[in-house]
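Topology and contacts: notes
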Amino acid sequence: MQRLVILAPNWLGDAVMALPAIADVRRALPEAHLAIAARAAVAPLFQLVPGVDDTILLRAGASLRRIGAWRSIGAELSGRRFDAAVVLPNSIHAALVASRARIPERWGYASGIRRRWLTRSIARTARGHQIDDYRRLVATLGFANGTREPRITVPEAARSAADQRLEDAGWNRNAPLVALAPGAAYGGAKRWPPERFAELASALAGDGLESVLVGSAADAETAGEVRRAFERRVGSDAGLHDLTGRTDLPTLAGVFTRCRALVTNDSGAMHLAAAAGVPVTAIFGPTNEHATRPVGNAHEVVSHPVWCRPCMLRECPIDHRCMHGVSVLAVVDAARRTIR
């Protein structure tokens, strides 16, 4: 095996959770050329992963009804002489990408019709944590498992860029920081109320800690609600720095390295911070913490037991009791246990 490509998951959190499995493949094939094929939203993650030789940008899957769409599938991987592809996404499109690129060996979990485009399809056993799902796949393919904790390496350039962004937002480079990620790409049901994030930031300010809001541009509205609620509570925005939409992925990882902890909803930021070695307090509502919580002893999970969770819905059809039931005191106490 001289050239191998791994098709990465499409969401940031899933991509981070795939890192131990990718490390297993790298360790088993130290001399092989290892490429990662990923969508634009997650491709920058692999700049932070040791042992990745190349990152190939995949276009978003187009509807096969569009003229020419079928012909373009897999074009990014064609002609690159890969011997094998490990297909991590559990989608028909991902299997098609590898098949249309004419990669001789195509391995992944069997799932309905997609197995016809895989040369080796692995039956999925009982699912547990998502990390172990990926590790189980590569172990079945013959790649021995190592550590199950994802790890990234944040380069000095990303740390320096983070320092500059923080300074531009008002940080004096001395005050201790805690990151807050009040958004969530999956949907509104995963979001703890912004007013409670503001109350949390106020409590942390009483401990001498400044808070930094992080997230993508799509989280700007939620961050604005947090900022306004914080100003109403304390009379100003001093001690609350907003970097929402102002960082790329490597710079966000750099910001996390400057923070003593992260408090977050179930999100990609949660997994990125944990992989950077930052303690995380994660608030879980509609999603299943047993499947996607950050791995390791440094982290805390806070949830509220109600009959309807985990429902896995993007928006709550009733009263959002799973998140409204999580008290600020419970999150403050959990965060204080993690702060270094």
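Structure's up top.
Worth saying up front: this structure is predicted, and the values here are computed from it rather than measured.

**Regarding the pattern of salt bridges**
- If you walk through the whole model with that rule in mind, you get 18 salt bridges.
- A salt bridge links Asp 266 to Lys 190, with the shortest nitrogen-to-oxygen separation between them at 3.7 Å. One end of the pair, Asp 266, is in the loop between β10 (259–265) and α10 (268–275); the other, Lys 190, is in the loop between β7 (177–181) and α7 (194–206), and 76 residues separate them in sequence.
- Note that Glu 289 and Arg 309 form a salt bridge whose closest N and O atoms lie 2.7 Å from each other. Of this pair, Glu 289 sits in helix α11 (residues 289–292) while Arg 309 sits in the loop between β12 (300–302) and α12 (321–324), and the two are 20 residues apart along the sequence.
- The exposure class of Glu 289 is buried, given its relative accessible area of 11%.
- By sharing partners, the salt bridges in this structure join Asp 163, Glu 167, Arg 173 and Arg 258 into a single network.

**Focus: the packing of helix α2 (residues 19–28) against helix α5 (residues 130–140)**
- Between α2 and α5, the least distance of the axes is 8 Å, while the angle of their chain directions is 25°. Considering their axes alone, α2 and α5 lie roughly parallel with respect to each other. With respect to the hand of their crossing, α2 and α5 are arranged in right-handed fashion. Residue-level contacts link Pro 20, Ala 21, Asp 24 and Val 25 of α2 to Ile 131, Tyr 134, Arg 135 and Val 138 of α5.
- Taken together, the residues of the contact of α2 with α5 sort by class into six nonpolar, no polar and two charged.

**Details of the packing of aromatic side chains**
- Applying the stated rule across the entire model yields one aromatic pair.
- For the ring pair Trp 192 and Phe 197, a centre distance of 5.1 Å and an interplane angle of 75° mean the geometry is edge-to-face. Here Trp 192 matches Phe 197 in class, with each residue buried.
- For the cation-ring pair, Arg 116 lies above Trp 117, with the distance from its terminal atom to the ring centre recorded as 5.4 Å.

**Regarding helix α13 (residues 328–338)**
- Looking at α13, one finds that the buried residues are Val 328, Val 331, Val 332, Ala 334, Ala 335 and Thr 338. One face of α13 carries all of its buried residues, which in axial projection span an arc of 165°. Along α13, exposed side chains directed more than 90 degrees from the buried face belong to Leu 329 and Arg 337.
- Close packing links the buried residues of α13 with α7, β10, β11 (280–283) and β12.

**A word on the pairing of strand β8 (residues 210–213)**
- Where burial is concerned, the two faces of β8 agree: the one with Glu 210 and Val 212 and the one with Ser 211 and Leu 213 are both buried.
- Sheet topology note: the β7/β8 ladder contains four bridges and is parallel. The residue of β8 that forms the bridge with Leu 180 is Leu 213.
- Handedness of the crossover joining β7 and β8 through α7 is recorded here as right-handed.
- Direction of pairing for β8 relative to strand β9 (residues 240–242): parallel, over a ladder of three bridges. Paired with Ser 211 across the bridge in β9 is Leu 240.
- Handedness of the β-α-β unit built from β8, helix α8 (residues 220–234) and β9 comes out right-handed.

**Observations regarding the sheet that holds β11**
- With parallel pairing, six strands are arranged side by side in an open sheet as β9-β8-β7-β10-β11-β12. Looking along the sheet, the strands with just one partner apiece sit at the ends: β9 and β12. Here the strands of the sheet are splayed against their neighbours by 20° on average, with no regard to which way each runs.
- Across four bridges, β10 lies against β11 in parallel orientation. By the bridge assignment, Val 263 is partnered in β11 with Thr 281.
- Set on the sheet, α7 makes contact with β7, β8, β9, β10 and β11; between it and β7 the angle comes to about 175°.

Thresholds, definitions, all that
Throughout, residues of each chain are indexed from 1 in the direction in which the sequence is written. For a predicted model such as this one, the threshold for reporting local features is a pLDDT of at least 70, and the threshold for listing and counting side-chain atom pairs is 80 or more; totals across whole chains, interfaces and linings nevertheless cover every residue. As a rule here, side-chain values come from all non-hydrogen atoms in the structure, and water together with hydrogens is ignored. One side-chain nitrogen of Lys or Arg within 4 Å of one carboxyl oxygen of Asp or Glu is enough to make a salt bridge. A run of H or I in DSSP counts as a helix once it spans at least four residues, and a run of E counts as a strand once it spans at least two, with each numbered from the N terminus. A 1.4 Å probe rolled over the protein chains alone gives each residue an accessible area, and that area as a share of the maximum for its type sets the label: buried under 20%, exposed over 50%, partly exposed in between. Only the contacting stretch of a helix is used when fitting its axis, a line to C-alpha atoms as for every element, and angles between N-to-C directions run 0 to 180 degrees. Orientation categories follow fixed angle ranges, with anything under 35 degrees roughly parallel, anything over 145 roughly antiparallel, 65 to 115 roughly perpendicular, and all other angles oblique. Less than a right angle of anticlockwise turn of the near helix away from the far helix marks a crossing as left-handed, whereas a clockwise turn marks it as right-handed. By the convention used here, residues are in contact when the closest approach between their heavy atoms is within 4.5 Å. Any residue that is not Ala, Val, Leu, Ile, Met, Phe, Trp, Tyr, Cys, Pro, Asp, Glu, Lys or Arg is counted as polar, Gly included; the first ten are nonpolar and the last four charged. Note on aromatic pairs: the rings of Phe, Tyr and Trp (six-membered ring only in Trp) are paired at centre separations within 6.5 Å, and the planes decide the class, stacked below 30 degrees, edge-to-face beyond 60, tilted for the rest. Placement of a charge over a ring requires the Lys NZ or Arg CZ to be within 6 Å of the ring centre, with the centre-to-atom vector within 35 degrees of the ring normal. Summarising the geometry, the arc corresponds to the directions from the helix axis toward the C-beta atoms. Whether two strands pair depends on DSSP finding at least two bridges between them. By convention, orient the strands away from the viewer: a clockwise path from the first strand over the helix to the second makes the crossover right-handed.

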